[in-house]
Amino acid sequence: MLNYGFEVELNAEHLCTAGIDTQHYVITCILSSIMRKDEETQEISIAIGGLNSVTNDSLEWSNKLLSAGDVISIKVIDKNFDAPLKIYTSPDKESVLNQKIKYYYRLKEELKEYLDH
């Protein structure tokens with residue numbers, strides 16, 4: 001089985017070669033143009049990341065702001081991947097449960113007057 005990834009260039013310069021050698025994975029190249037309400041600046045960006053579905057780690061190869069006229073080239077590849085620049089390890093189940101419990105008690109207090117009816 002081949003693992004596919006993306007070789008990405010920005011304005012004819014190598015940006016990254018995103019992919020991972022594992023059996024189950026997700027690799028994404030996301031282009032975004034955002035104009036928020038009540039703001040005057042527009043944000044245009046490319047984010048290249050993924051998920052190692054075996055370890056549940058989130059990966060990041062690139063996250064760049066773009067400008068009008070930028071040219072992006074994406075080639076599908078099946079080898080010679082760059083290591084991700086950032087790896088975000090998923091918290092263990094106990095940490096997630098503790099965060100949910102804290103959030104529960106905070107919401108319970110915040111919504112107290114609505115819950116007492």
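Above: the structure in question.
In short, a report on the structure. From a predicted model like this one, the values you see are computed outputs, not experimental measurements.

### Concerning the side chain of Ser 62
Then, in step 1: Assignment of secondary structure puts Ser 62 in strand 5 (residues 57-65).
Then, in step 2: Beyond its immediate stretch of four places on either side in the chain, Ser 62 contacts Leu 15, Cys 16, Ile 46, Ala 47 and Ile 48.

### Looking at the sheet that holds strand 2 (residues 13-18)
Then, in step 1: Taken in spatial order, the three strands of this open sheet run 2-1-6, and their pairing is antiparallel. Two strands bound the open sheet, and with one partner strand each, they are strand 2 and strand 6 (72-77). The mean inter-strand angle of the sheet, taken between neighbouring strand axes irrespective of direction, is 20°.
Then, in step 2: The pairing of strand 1 (residues 5-10) with strand 6 spans six bridges and is antiparallel. For Leu 10, the partnering residue across the bridge sits in strand 6 and is Ile 72.

### Structural notes on the sheet that holds strand 7 (residues 86-88)
Then, in step 1: One open sheet accounts for four strands, arranged 3-4-5-7; its pairing is antiparallel. Edge positions in the sheet fall to strand 3 (25-35) and strand 7, since each has one partner strand and no second. The average undirected angle you get between the axes of adjacent strands in this sheet is 25°.
Then, in step 2: As judged from the three bridges shared by strand 5 and strand 7, these two strands associate in the antiparallel manner. Within strand 7, the position partnered with Ser 58 by the bridge is Tyr 88.

Rules behind the numbers
- Residues numbered from 1 in each chain as written.
- Predicted model: local features only at pLDDT ≥ 70, side-chain atom pairs only at ≥ 80, totals over all residues.
- Heavy atoms only, no water.
- Helix = DSSP H or I, 4+ residues; strand = E, 2+ residues; numbered from the N terminus.
- Contact = heavy atoms within 4.5 Å.
- Pairing = 2+ DSSP bridges.
- Axes fitted to C-alpha atoms, helices over the stretch in contact; angles between N-to-C directions.

Treat this as a map of the structure, not an account of what it does.
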